[in-house]
Amino acid sequence: MGEVELSCRAYVKMYLHSCLFPRCSINGLLLSSSSAGGAVCVTDCVPLLHSHLPLAPITQLALTQVDVWCAQTQQRIVGYYQANACASDCSPTPCALKIADKIAEQFESAVLLMLDGSKMSPDDRVPPIVMYERRDSKWVLKDKHTIMLRQWEETQAIASQMLESGDHALLVDFDGHLDDITKDWTNQTLNTKIAELSSPANGNI
């Protein structure tokens, strides 16, 4: 399977989702706005849940709504991410494997990304991610050399800056939307903020 590139926006939102619910398992969907073929470019993510991750009806509802939104915005679901409640545990759970399998039925190059909560300090020099790909009907570790996160130091700095500024409180996951349907699970406000911080005018790429 080919290379996977993770955008600044996608990483920062996953990071903030995890930081917003530090004692919970969290999950979400990875999206791409690029055309099929070649490397998988993860350009965005949709934070889903921070409680009752294995609850199938809510997950199915979320997948359906995100699918509809993706069709309207020329995007597609290309993977799944999860962070476990225990920071040192970054092994895929049965729930993670089940949802990732479902995504792989629609997109054969789908990836499963686990956040390593024990390596999310600003001092850590490598991205705290463990990525899996589906091979022969099984999820296996992906070669680290095929995973790209361009401008990692800048991306890490933006994530830390937003956390320190309290911007993680702006993040809305699907759970939060179900509690208050006026909340925007597509996180356009947060996307704009990330774009502003990563623009060349602010010294970042």
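Above this text is the structure in question.
These numbers come from a predicted model, not from an experiment.

(A) Looking closely at the packing of helix α4 (residues 152-164) against helix α6 (residues 188-197). At a closest axis distance of 10 Å, the pairing of α4 and α6 adopts a crossing angle of 125°. Classified by the angle their axes make, α4 and α6 are oblique. The handedness of the crossing between α4 and α6 comes out as right-handed. For the pair α4 and α6, contact is made by Ile158, Gln161 and Met162 and by Leu190, Lys193, Ile194 and Leu197, respectively.

(B) Quick look at the sheet that holds strand β3 (residues 40-42). Overall, parallel pairing links the three strands, which are arranged β3-β1-β9 in an open sheet. The two strands at the open ends of the sheet, each matched to only one other strand, are β3 and β9 (147-148). By the bridge criterion, three bridges tie strand β1 (residues 4-6) to β3 in an arrangement that is parallel. Within β3, the residue paired with Val4 across the bridge is Val40.

(C) Structural view of the environment of Ile158. Along the polypeptide, Ile158 turns up in helix α4. Placed 149 residues apart in sequence, Ile158 and Arg9 show a C-alpha to C-alpha distance of 9.7 Å.

Rules behind the numbers
All residue numbers refer to position in the chain's written sequence, counted from 1. Residue-level local features of this predicted model are given only where pLDDT is at least 70; pairs of side-chain atoms are given and counted only at 80 or more, and the full residue set underlies all totals for whole chains, interfaces and linings. Hydrogens and waters are ignored; side-chain quantities use all the structure's heavy atoms. Axis lines are fitted through C-alpha atoms, for helices just across the contact stretch, and the angle between N-to-C directions can take any value from 0 to 180 degrees. In this description a helix means any DSSP run of H or I spanning at least four residues, a strand means any run of E spanning at least two, and both kinds are numbered starting from the N terminus. Just so you know how the angles are binned, under 35 degrees is roughly parallel, over 145 roughly antiparallel, 65 to 115 roughly perpendicular, and the rest oblique. Throughout, a crossing is termed right-handed when the near helix is turned clockwise from the far one, and left-handed when it is turned anticlockwise from it by less than a right angle. Any two residues having at least one pair of non-hydrogen atoms within 4.5 Å are treated as being in contact. Pairing between strands is defined by DSSP: at least two bridges between them are needed.

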